[in-house]
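Breakdown of the fold
Spelled out from the first residue to the last, the chains are:
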Amino acid sequence: TSFFSLYRWGNYNDNNNEQQSFSRLERKLGEFSLAANLFTWAYDRNAQPTSGYFSPPDFLVYNGELAWEGDIFSLLHCRLATSIGEQRLSGSFAPAVSYQARCTAKISPSIEADLGYAFSNVRSLDTGGSAYNNTSLEGHLRVKF
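Now for a quick tour of the structure.

Cut-offs and rules
- Residues numbered from 1 in each chain as written.
- Predicted model: local features only at pLDDT ≥ 70, side-chain atom pairs only at ≥ 80, totals over all residues.
- Heavy atoms only, no water.
- Phe/Tyr/Trp six-rings, centres within 6.5 Å; stacked < 30°, edge-to-face > 60°.
- Helix = DSSP H or I, 4+ residues; strand = E, 2+ residues; numbered from the N terminus.
- Buried < 20%, exposed > 50% of the residue type's maximum accessible area, 1.4 Å probe, protein only.
- Core = buried A, V, L, I, M, F, W, Y, C linked by side-chain atoms within 4.5 Å.
- Contact = heavy atoms within 4.5 Å.
- Polar contact = N/O pair within 3.5 Å; in protein donor to acceptor, adjacent residues only side chain to side chain.
- Salt bridge = Lys/Arg side-chain N within 4 Å of Asp/Glu carboxyl O.
- Pairing = 2+ DSSP bridges.

1. Things to note about the packing of aromatic side chains
Using the criterion set out here, one finds 11 aromatic pairs in the structure. Arranged with centres 6.2 Å apart and planes meeting at 75°, the rings of Phe39 and Phe59 form a pair that is edge-to-face. You can see Phe39 sitting in strand E3 (residues 32-43) and its partner Phe59 sitting in strand E4 (residues 59-73), a full 20 residues away along the chain. For the pair shown, Phe39 and Phe59 are each scored as buried. Taking 5.8 Å as the distance between ring centres and 80° as the angle between the ring planes, the aromatic pair formed by Phe54 and Phe59 counts as edge-to-face. Relative accessible area serves as the criterion here: at 5%, Phe54 is assigned to the buried category. Phe59 gets classed as buried once you look at its relative accessible area, which sits at 2%. Aromatic rings pair up to connect Tyr12, Phe39, Trp41, Tyr43, Tyr53, Phe54 and Phe59 into one cluster.

Structure follows, in structure tokens:
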């Protein structure tokens, strides 16, 4: 069982202030894990109409997560996860769901490649845009020398 918590305070040059917190309680059960996550974010004032950045006075996301991580075979290690919960923005609630898959392939003793995909309907933290169909695809190549 592990617990992680983070608090962040920000002071912007337009005299706006933010407070963020994230907490995660996780229990590993062999190759499976269960987790509870809580994220809060609040600004003193909403500067989006004047300055253009997502600055909610009240943003909250909480969810439960189920994940599996293990070897598909000796050279391929993967993690699959899904979460379900709720998000609240300025007093309005909506479902919060996500899923992700990430695999690492060992190509040689000194080369590894990662490929990952994620979907989330949680609002974009950069823009506060649509709560639907936020997807990402990423890859990494690691070479040890």
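Read on, since the account is not over.
2. Looking at the nonpolar core
With 11 residues, the main nonpolar core is built from Phe39, Trp41, Tyr43, Ala47, Tyr53, Phe54, Phe59, Val61, Leu89, Ala96 and Val122. When residues of this core are traced back to their parent elements, those giving at least two are E3 and E4. If we skip the residues at most four places from it in the chain, Ala96 touches Val61, Ser83, Ile84, Gly85, Glu86, Gln87, Asn121 and Val122.

3. So, the side chain of Gln87
Of note, Gln87 is situated in strand E5 (residues 76-89). Classification of Gln87 as buried rests on a relative accessible area of 3%. A polar atom in the side chain of Gln87 sits 3.1 Å from the backbone oxygen of Pro95.

4. Digging into the pattern of salt bridges
Per the stated rule, a full pass over the model turns up 9 salt bridges. Here Asp14 and Arg45 are joined by a salt bridge, their closest N and O atoms 3.8 Å apart. A residue pair is termed long-range when its members are at least 10 positions apart, and Asp14 in the loop between strand E1 (2-11) and strand E2 (17-29) and Arg45 in the loop between E3 and helix H1 (48-51) qualify at 31 residues. The partly exposed category is assigned to Asp14, whose relative accessible area is 21%. Note that Arg142 is salt-bridged to Asp114, the shortest N-O span being 2.5 Å.

5. What about the pairing of E2?
Taken residue by residue, a regular strand's side chains alternate between the two faces of the sheet. Examined bridge by bridge, E1 and E2 share 10 bridges and lie antiparallel to one another. For Trp9, the partnering residue across the bridge sits in E2 and is Gln19. Hairpin geometry of E1 and E2 is characterised by an intervening segment of 5 residues between the two adjacent antiparallel strands and by a positive phi of about 70° at Asn15. Bridge count for E2 against E3 is 12 bridges, and the pairing is antiparallel. Paired with Arg24 across the bridge in E3 is Asn37. Connecting the antiparallel pair E2 and E3 is a turn made up of 2 residues, with Gly30 showing a positive phi of about 70°.

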